[in-house]
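A structural walkthrough
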Amino acid sequence: MSQTPEILCEVRGAAGMVVLDRPKALNALTLPMVRELARALDAWEKDPAVERVVVTSTSEKAFCAGGDIRTLHDLGKAGRHDEMLAFWGEEYILNARIKSYPKPYVALIDGIVMGGGVGISLHGSHRIAGDRYLFAMPEVGIGFFPDVGATHALPRLAGAAGIYLALTGDRVGAADALAFGLVTHAVPSARMAEVTDALTRRGALDDILAAVSHDPGPPKLSGERKTIADCFGAPTLPAILARLDAAAAAGSAFAAKLRQTLAVKSPTSVAIAFEQMRRGAGLDFAEAMRTEFRIVSRIAHGHDFYEGVRAVVIDKDHAPHWRPASLDDVDPGATAAYFAPLGAAELALES
């Protein structure tokens, strides 16, 4: 149908096939990629030949590792905030489009899926994890926040799992993703090509997936689910930290590790992420995306995002200087301001 050098969108048999093909950048999303996928979804919605959309990757390492954060950082440093926000605005509109898409949307995820990659997979009707699947929303580590629909999706995971993932940025594999509800099926990596081919043929989607799905084994975090639920189910951020401290003092090495993890993240980002999870549980998807655009519109003019990208992506010294430097110094009023309506600049979503 159409393509850019980074994404191919074409009809193959019964499927509208989307192939992410930017392997050197781990398929990090660019604005042309977002636009190409949006155009394809529009075309395929009314095409009777297309029974389902299938999204896959040419890379064994990554489905999609996120948005092109370095480019966004550079735009902001140059004062080109409108261009930054144009990317996020169109990306969020695409996320909402996927969530409400009237045809099955099947993401074949075999490798890293983070940030923007989560946005073009998690909201689809079918999420298929290969053996190499590795999920994370690590944005709090670069002074950003878990966006692309995480405000809606993560608070709805059972046992406070989504709050844990949002605040810590921890990575999870296929078995834990299946247990958490991040994916709907697990398939051996060796059979992914077979699955892709089968999805281009006409037939009942659930039957096709049932024929290749397997048990990925015991979740690595199965023994920690109670700690996650107890600690991250607390009603406030200080209460979460207190419960982690108490669990660590009682001998939980897992809780101690999480406490250390939270201590090095952007305090502002952790506070925003918690407030997202608290509010997001009661928002519909469209309002969640508007909320995220409100947040990103303020982050684009702040400090921690640029400092986080500098420390992790550019200089790679992993020694960011956050402002403020500790969670104790985060002003609740300043956190609430990220969520304030934007007036005429609100994200425009189709009703």
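In this report, we go over the structure that sits alongside the text.

Overview of unusual backbone geometry
Cis geometry is adopted by the peptide bond preceding P324, which originates at R323 and carries an omega value of -5 degrees. Structurally, P324 is set in the loop between α15 (304-314) and α16 (332-337). Positioned with a positive phi, A160 is a non-glycine residue whose angle comes to about 60 degrees. Secondary-structure assignment places A160 in the loop between α5 (150-153) and α6 (161-168). One non-glycine residue, K316, adopts positive backbone phi at about 60 degrees. The topology assignment puts K316 in the loop between α15 and α16. Under the relative-accessibility criterion, K316 is labelled exposed at 56%.

A closer look at the packing of aromatic side chains
Going through the model one piece at a time under the given rule, you end up with eight aromatic pairs. On the numbers, 5.3 Å between centres and 25 degrees between planes, the contact of W88 with F144 is stacked. In this pair, W88 sits in helix α3 (residues 81-99) while F144 sits in the loop between β9 (134-136) and α5, placing the two residues 56 residues apart along the sequence. Residue W88 is classed as buried on the basis of its relative accessible area, which comes to 2%. With centroids separated by 6.1 Å and ring planes inclined at 70 degrees, the aromatic side chains of W88 and F305 adopt a geometry described as edge-to-face. Placement of W88 in helix α3 and of F305 in helix α15 is noted, with a sequence separation of 217 residues between them. F305 shares its class with W88; the two are buried. Ring pairing ties together the aromatic residues F87, W88, F144, F145, F305 and Y306, which thus form one cluster.

Topic: the sheet that holds strand β7 (residues 112-114)
One open sheet holds the three strands; their spatial order is β5-β7-β9, and the pairing between them is parallel. Of all strands in the sheet, those with a lone pairing partner are β5 (62-64) and β9, marking the two edges. Adjacent strand axes in the sheet meet at a mean angle of 20 degrees when their direction is disregarded. The pairing of β5 with β7 spans two bridges and is parallel. When the sheet's bridge partners are listed, A62 is paired in β7 with I112.

Brief notes about the environment of E350
With respect to the helices and strands, the residue E350 is situated in the segment after α16. By relative accessible area, E350 is classed as exposed at 77%. Separated by 254 residues in sequence, E350 and A96 place their C-alpha atoms 9.0 Å apart.

A few points about the packing of helix α2 (residues 69-77) against α3
At their nearest, the axes of α2 and α3 sit 7 Å apart, and the two run at 150 degrees to each other. On the basis of their axis angle, the class for α2 and α3 is roughly antiparallel. Where α2 approaches α3, its residues L72, L75 and G76 are matched on the opposing element by H81, E83, M84, F87 and W88.

Side note on the packing of helix α11 (residues 237-249) against helix α12 (residues 253-264)
Across the interface, α11 lies against α12 with an axial gap of 8 Å and an inter-helix angle of 140 degrees. On the basis of the axis angle, α11 is oblique to α12. For the pair α11 and α12, the sense of crossing is left-handed. Along its contact with α11, which presents L241, L244, D245, A247 and A248, the element α12 presents A255, A256, L258, R259 and L262.

Notes on helix α13 (residues 267-280)
Look at α13: 20 Å from first C-alpha to last across 14 residues, which is about the 20 Å you get at 1.5 Å a residue. α13 sits mainly inside the fold: twelve of its 14 residues count as buried. When we look at burial in α13, the residues that qualify are P267, T268, S269, V270, A271, I272, A273, F274, E275, Q276, M277 and G280.

So, the pairing of strand β6 (residues 105-109)
Of all five residues in β6, five are buried; the element is thus mostly enclosed. Going residue by residue along β6, you find Y105, A107 and I109 tucked away on one face and V106 and L108 tucked away on the opposite face as well. Two strands pair when backbone bridges link them, and strand β4 (residues 52-57) and β6 are joined in this way by three bridges, in the parallel orientation. Its bridge partner being in β6, V55 is matched across the sheet by A107. In terms of strand pairing, β6 meets strand β8 (residues 126-129) through four bridges, oriented parallel. Considered in β8, the bridge of A107 is made with R127.

What counts, and at which threshold
Residues numbered from 1 in each chain as written. Predicted model: local features only at pLDDT ≥ 70, side-chain atom pairs only at ≥ 80, totals over all residues. Heavy atoms only, no water. Helix = DSSP H or I, 4+ residues; strand = E, 2+ residues; numbered from the N terminus. Buried < 20%, exposed > 50% of the residue type's maximum accessible area, 1.4 Å probe, protein only. Phe/Tyr/Trp six-rings, centres within 6.5 Å; stacked < 30°, edge-to-face > 60°. Pairing = 2+ DSSP bridges. Axes fitted to C-alpha atoms, helices over the stretch in contact; angles between N-to-C directions. Parallel < 35°, antiparallel > 145°, perpendicular 65-115°, else oblique. Contact = heavy atoms within 4.5 Å. Left-handed = near helix turned anticlockwise from the far one by under 90°. Expected span 1.5 Å × (residues − 1).

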